[in-house]
Amino acid sequence: MEKGMISVDKWSEESQVYFLTHLHSDHTKGLSSKWSKGPLLCSSITAKLFPTKFPDFDLSFLQVLDIGSSYSLSLVSPTTGLEISFQVTTIDADHCPGAVMYLFRGEFGCILYTGDFRWEATSEKALLGKSMLIKALGGDKIDFLYLDNTYCNPSYSFPPREVTARQVVNIIASHPQHDVIIAINTLGKEDLLIHISRALSIKIWVWPERLQTMHLLGFHDIFTTKTSLTRVRAVPFYSFSINTLEELNTMRPTIGIMPSGLPWLVRPVDERDYSLGLSLPIFQHTTKCQETEESSSLRKFHQYIYTVPYSDHSCFDEIKEFIKLVCPLSIKGIVSSSSCSIDPLYYLSHLCGPNQVIEQTTKKFRTRKVDESLEEKHVKVVKSIAVEFKKEKNMNVGCLSVRRSRVSVLRRFRRGAKIVERSGVD
DNA sequence: GCGATCAGCT
DNA sequence: CACAGCTGATCGC
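Chain A is annotated in an unreviewed UniProt entry as 5' exonuclease Apollo from Kingdonia uniflora. For the record of chain A, the UniProt heading Sequence similarities (unreviewed entry) holds the text "Belongs to the DNA repair metallo-beta-lactamase (DRMBL) family." Its UniProt record gives chain A a comment under Catalytic activity (unreviewed entry), which states: "a beta-lactam + H2O = a substituted beta-amino acid".

Caption draft 1: Quick look at unusual backbone geometry. The backbone of D9 sits at a positive phi, close to 50 degrees, despite the residue not being glycine. Tracing the backbone through its elements, the reader meets D9 in the loop between β1 (6–8) and β2 (17–19).

Caption draft 2: Molecular detail of the pattern of salt bridges. According to the stated counting rule, one finds 16 salt bridges in the structure shown. E14 is paired through a salt bridge with K37; the nearest N and O atoms lie 3.8 Å apart. Remark: K37 occurs in the loop between α1 (25–28) and β3 (40–43) and E14 occurs in the loop between β1 and β2; sequence separation between them is 23 residues. Taking relative accessible area as the criterion, E14 reaches 55% and is therefore assigned exposed.

Caption draft 3: Focus on the sheet that holds β3. What the 4 strands build is an open sheet, ordered β1-β2-β3-β4; its pairing is parallel. Only two strands of the sheet have a single neighbouring strand rather than two, namely β1 and β4 (62–65). Taking each pair of neighbouring strands and ignoring which way they run, the sheet shows an average axis angle of 30 degrees. For β1 and β2, the ladder comprises 3 bridges, and the chain directions are parallel. By the bridge assignment for β2, I6 is matched with V17. Contacts from helix α2 (residues 44–53) reach β3 and β4 within the one sheet, and its direction differs from that of β3 by about 110 degrees.

Caption draft 4: Layout of helix α3 (residues 124–137). Taking 1.5 Å of rise per residue, 14 residues should cover 20 Å, and α3 covers 20 Å from first to last C-alpha, within 8% of that figure. After α3 finishes, the residue G138 shows a positive phi value of roughly 55 degrees.

Caption draft 5: Local environment of the packing of α2 against helix α6 (residues 208–216). One can describe the packing of α2 onto α6 by two numbers: an axis separation of 10 Å at closest approach and a directional angle of 160 degrees. Relative to α6, the element α2 lies roughly antiparallel. Of the two elements, α2 crosses α6, and the hand of that crossing is right-handed. Facing K48, L49 and T52 of α2, the residues of α6 in contact are Q212, T213 and L216. Class assignment for the residues of the contact of α2 with α6 results in 2 nonpolar, 3 polar and 1 charged.

Caption draft 6: Local environment of the nonpolar core. The biggest cluster of nonpolar side chains holds 69 residues, and the ones touching the most others in it are F19, L40, F57, F104 and F322. Among residues more than four places away in sequence, those in contact with L40 are W11, Y18, L20, L31, W35, F50, F57, F61, L62 and Q63. Grouped together as the second largest cluster of nonpolar side chains are 38 residues, V180, W207, A234 and F301 included.

Caption draft 7: Fine view of the pairing of strand β10 (residues 179–184). With respect to burial, β10 is a largely interior element, 6 of its 6 residues being buried. The alternating pattern of β10 places D179, I181 and A183 and V180, I182 and I184 on opposite faces, both of which are buried. Here β10 pairs with strand β14 (residues 254–259) via 4 bridges, running parallel. When the bridges of β14 are listed, D179 appears paired with T254. Where β10 and strand β13 (residues 232–236) come together, 5 bridges link them in parallel fashion. Within the sheet, the bridge partner assigned to V180 lies in β13 and is V232.

Conventions adopted
- Residues numbered from 1 in each chain as written.
- Chains lettered and ligands numbered in written order.
- Predicted model: local features only at pLDDT ≥ 70, side-chain atom pairs only at ≥ 80, totals over all residues.
- Heavy atoms only, no water.
- UniProt positions renumbered as here; feature names shortened; annotations may be inferred.
- Helix = DSSP H or I, 4+ residues; strand = E, 2+ residues; numbered from the N terminus.
- Salt bridge = Lys/Arg side-chain N within 4 Å of Asp/Glu carboxyl O.
- Buried < 20%, exposed > 50% of the residue type's maximum accessible area, 1.4 Å probe, protein only.
- Pairing = 2+ DSSP bridges.
- Axes fitted to C-alpha atoms, helices over the stretch in contact; angles between N-to-C directions.
- Contact = heavy atoms within 4.5 Å.
- Expected span 1.5 Å × (residues − 1).
- Parallel < 35°, antiparallel > 145°, perpendicular 65-115°, else oblique.
- Left-handed = near helix turned anticlockwise from the far one by under 90°.
- Nonpolar A, V, L, I, M, F, W, Y, C, P; charged D, E, K, R; others polar.
- Core = buried A, V, L, I, M, F, W, Y, C linked by side-chain atoms within 4.5 Å.

Put into structure tokens, the structure is as follows:
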């Protein structure tokens, strides 16, 4: 595709239409409430959550695409002035609420932009995503794949999230007298928290903004902001640290659980844990980790901290399966990372035949882009999208009341929140 | 004073 | 390392 047509998760360049895969910050960098460049297309859940992140955003720019549906769009070539039609299909990415992949099909060929995604063979959602993708492809191969290569290295290997969720429940259940804090971000890991809540019949504390997000997502009974109602609290990653845990433990016995795919990448070079000065034996995680849930990855990172391999990105084997399925002619990673900077896709070049082109990932690109395409002018998005969009827009307006002073209030609150955590334990 | 950007730190 | 993302400093308007 030529430039000036489409952008995905990239907001700096001029395009006729912009696609957003999900609301994590590294995909919205450059977006702001003052947006006026053009229509922004996303899933309905992303649209619903949008105002929490961009309070003053002009919602008339948002257009909702149903997951699993295909839409026809026409743009105009910047160079020829000719109208160019193409199809876009939205596929569940199973990464965080609202996260989608976009499949574009037109005279430019077949382009798949995964955004961040998890490809678990065992999850119902992934199976659904798989069937959506197969159906949308209709037997065709992908010409160009923009791939979430976060863990695109054979050393990254972890079990399905369902397995890890049971491990987490076991950890909590085996510390009946402890408070528990779990590190999460502003979006994602909801399924883990819900699993814990159901398995242990316990509510989960979250900070007020997160509760609002939970309510927007339709979870009304599981989460609370009252510390007195539960011993399990989900806190932002940035307020989760060894220091926090040590301070908490001066008040009350508390363990921390850090769900992440990251620490599992490491093939420890020696017996020492990272830079934490720990003396615990390192647990070498092996994916085929059929070792049972209890015994296996109870890996202590620190006296009070358990890290568990709960990842919203695909592990290496899942990426491999994904690539085998879509057989791309060429691939480009959308995530830069120094641990993979050599060329993570090197590991996958054998999967789709000799003609495959693997683009080298370059160092510091956090943006994921697809600003290519063929033509330009105004965008004619299908009518039904606009109609659907209006519905969502009304819902949003009804649910939110975000103010300007939000940031400072929030910051102060969060400082307060930590104190609450500490004093709320008695 | 505000927004955008960046360094620093989990 | 860094999944994501807050905090605080600085700069330009």
